[in-house]
Amino acid sequence: MITVIGSINMDLVVTTKRAPEAGETVLGNDFQQIFGGKGANQAVAAARCGAKTTMVGRVGNDSFGDVILKGLRQEFADGAVIEKIDGVPTGIAVILVDAKGQNRITVVSGANHTFTEESIETLRPVIAQSRVLLLQLEIPMDAVYKSLSIAREEGVFTILNPAPAQGLRSDAYGLIDLLTPNESELALLTGLPTGTYPQQIEAARVLHRRGVKSLIVTLGSYGSLSISRGGDIKHFPAYRVNAVDTTAAGDCFNGAVACEIDRLMTGRSSDAFIPTTTELSQAIEFATKASAISVTRMGAQPSLPYRNEVEAFDEWYCSHVDTDS
Ligand code: RIB
């Protein structure tokens, strides 16, 4: 079972031919309100890939909160711990998607930022009954550190997706079983250049030496690289597809990886579980397919595929292969 403690947002999405420059006005094509938030997206991705998943999050006592609460309770059946907080708005994200499917996102955290160390402590039983705890950085850092500490005390496998990019306390690295930065997050965490593949490997090794057990660095259209048990490095190419919207592609990847790690742990003790290179590769290959499907669809949560779609990927890929490049 997976628990995700993280953000819930209403995404306010505008599609436009191109994003405006500072001081410029452009005409957009379309506007939609779509369920998002890195935490909720990753939890939905894991659940749709077949993992028993509990989403823990917070919304405001407002109309966005009402509609999201209803939607997420259906998505997770009885596996959602979502609180309504008075006096703060539901988190929102203003998202501009251009004709190439690239996005620009501004988040206003609202209720997501009301988590405290104390409120996380009350979630100890929820964390303790999980095999995997999946976290991002859209809730307060103190809440993230507290969640990692409880998971370590309770022998739960931890995955941290350090997004949006922020520095981490040096003592946090030893609490992370799997860290999943993208290239710019890797640069921020290490203070090193990450523009080339050798630089990415070097920077990833720095984080491995800081105590993270395994790493996956996501590299957008270049795929991903992993460092697993024993320091083995492996590269995984991305699939070439016609992307309409890359929003939540990373969330899809993380949720799918968490799902596969959870499956690998079935019947094994969570304590001290470190996936082998083969096991981590298996999880990454599955997640690479899931996120390739997600970028061909508009929006965050509506784009996240179900397990049967990922399993039928090879056949699907033949009909969706990128014909523009
Ligand atoms: O990763 C994509 C997500 O980032 C969006 O759904 C938005 O809500 C922000 O949290």
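Residues numbered from 1 in each chain as written. Predicted model: local features only at pLDDT ≥ 70, side-chain atom pairs only at ≥ 80, totals over all residues. Heavy atoms only, no water.

1. Things to note about the overall build of the protein
Along the protein, the regular secondary structure elements total 11 helices and 13 strands. Taken over the C-alpha trace, the protein has a radius of gyration of 19 Å; the compact-globule value for 325 residues is 20 Å, and the two agree within 12%. Summarising its shape, the C-alpha atoms of the protein cover approximately 55 × 50 × 40 Å along the three principal directions. With 325 residues in all, the protein has 55% of them scored as buried. If you take every contact in the protein between residues at least 6 apart in sequence, the share linking residues at least 24 apart comes to 68%. Element-wise, carbon and sulfur atoms account for 51% of the exposed surface of the protein, whose accessible area totals about 13700 Å². In the protein, 28 side chains carry a positive charge and 37 a negative one; their mean positions are 3 Å apart. (Helix = DSSP H or I, 4+ residues; strand = E, 2+ residues; numbered from the N terminus. Rg over C-alpha atoms; globule rule 2.2 N^0.38 Å. Buried < 20%, exposed > 50% of the residue type's maximum accessible area, 1.4 Å probe, protein only. Contact = heavy atoms within 4.5 Å. Areas by Shrake-Rupley, 256 points an atom, 1.4 Å probe, with all protein chains shown as cover. Lys, Arg positive; Asp, Glu negative; His and termini not counted. Charge placed at Lys NZ, Arg CZ, Asp CG, Glu CD.)

2. So, the side chain of Arg-307
Note that Arg-307 resides in helix H10 (residues 307–311). With residues up to four places along the chain from it excluded, the contact list for Arg-307 reads Arg-48, Cys-49, Cys-259, Glu-260, Arg-263 and Phe-286.

3. Overview of the nonpolar core
Ile-2, Ile-8, Leu-72, Val-132, Phe-157, Leu-178 and Ile-261 are the most contacted members of the largest nonpolar core, which has 53 residues in total. Among residues more than four places away in sequence, those in contact with Leu-72 are Ile-8, Ala-40, Val-44, Ile-82 and Gln-301. With 38 residues, the next largest nonpolar core counts Val-56, Ile-120, Ile-150 and Leu-207 among its residues. (Core = buried A, V, L, I, M, F, W, Y, C linked by side-chain atoms within 4.5 Å.)

4. Section: the site of the ligand
Taken together, Asn-9, Asp-11, Gly-36, Gly-37, Lys-38, Asn-41, Ala-93, Val-107, Glu-138, Ala-248, Asp-251 and Ala-300 make up the full set of residues near the ligand. The separation between an oxygen atom of the ligand and a polar side-chain atom of Asp-11 is 2.6 Å. With respect to the ligand, the backbone of Gly-37 contributes an N or O atom lying 2.9 Å from an oxygen atom. Considered on its own, the ligand offers 280 Å² of accessible surface; in the complex 96% of this is hidden by protein. Those elements giving two or more residues to the shell around the ligand turn out to be strand S2 (9–16) and helix H1 (38–48). Along the lines of polarity and charge, the residues of the shell around the ligand split into 4 nonpolar, 4 polar and 4 charged. (Near = heavy atom within 4 Å. Polar contact = N/O pair within 3.5 Å; in protein donor to acceptor, adjacent residues only side chain to side chain. Nonpolar A, V, L, I, M, F, W, Y, C, P; charged D, E, K, R; others polar.)

5. Examining the sheet that holds strand S6 (residues 91–97)
On the basis of which strands lie adjacent, the open sheet formed by 4 strands has the order S3-S2-S6-S7 and mixed pairing. Edge positions in the open sheet fall to strand S3 (28–36) and strand S7 (103–108), since each of these has one partner strand only. Averaged over neighbouring strand pairs, the angle between their axes works out to 15 degrees when direction is ignored. Relative to S3, S2 is paired through 8 bridges, and the arrangement is antiparallel. Looking at the pairing, Thr-15 lines up with Asp-30 of S3. (Pairing = 2+ DSSP bridges. Axes fitted to C-alpha atoms, helices over the stretch in contact; angles between N-to-C directions.)

6. Looking at helix H2 (residues 63–75)
The end-to-end C-alpha distance of H2 is 19 Å, a good match for the 18 Å that 13 residues give at a rise of 1.5 Å each. Among all positions of H2, only Gly-65, Ile-68, Leu-69, Gly-71 and Leu-72 are buried. Elements that come into contact with the buried residues of H2 comprise S2, S3, H1, strand S4 (53–60) and strand S5 (80–85). Directly after H2, the chain includes Ala-77, whose backbone phi takes a positive value near 50 degrees. (Expected span 1.5 Å × (residues − 1).)

7. What about H1?
Burial within H1 is extensive, with 9 of its 11 residues counted as buried. Immediately beyond the C-terminal end of H1, within one or two residues, lies Gly-50, with a positive phi of roughly 110 degrees.

8. With respect to the pattern of salt bridges
Enumeration over the complete set of coordinates arrives at 18 salt bridges. Across the salt bridge formed by Glu-121 and Lys-146, the nearest N and O atoms sit 3.3 Å from each other. Taken together, the residues span a long stretch of sequence, with Glu-121 in helix H3 (residues 117–121) and Lys-146 in helix H5 (residues 141–153) at a distance of 25 residues. Looking at Glu-121, the relative accessible area reads 31%, which means it is partly exposed. Across the pair Arg-152 and Asp-177 runs a salt bridge whose closest N-O atoms are separated by 3.6 Å. Residue Arg-152 is found in helix H5, and its partner Asp-177 is found in the loop between strand S9 (157–160) and strand S10 (178–179); the two are separated by 25 residues along the sequence. When its relative accessible area of 29% is taken as the criterion, Arg-152 is described as partly exposed. By relative accessible area, Asp-177 is classed as buried at 6%. A cluster of three or more residues bridged by salt bridges with shared partners is formed by Glu-121, Arg-124, Lys-146, Glu-153 and Glu-154. (Salt bridge = Lys/Arg side-chain N within 4 Å of Asp/Glu carboxyl O.)

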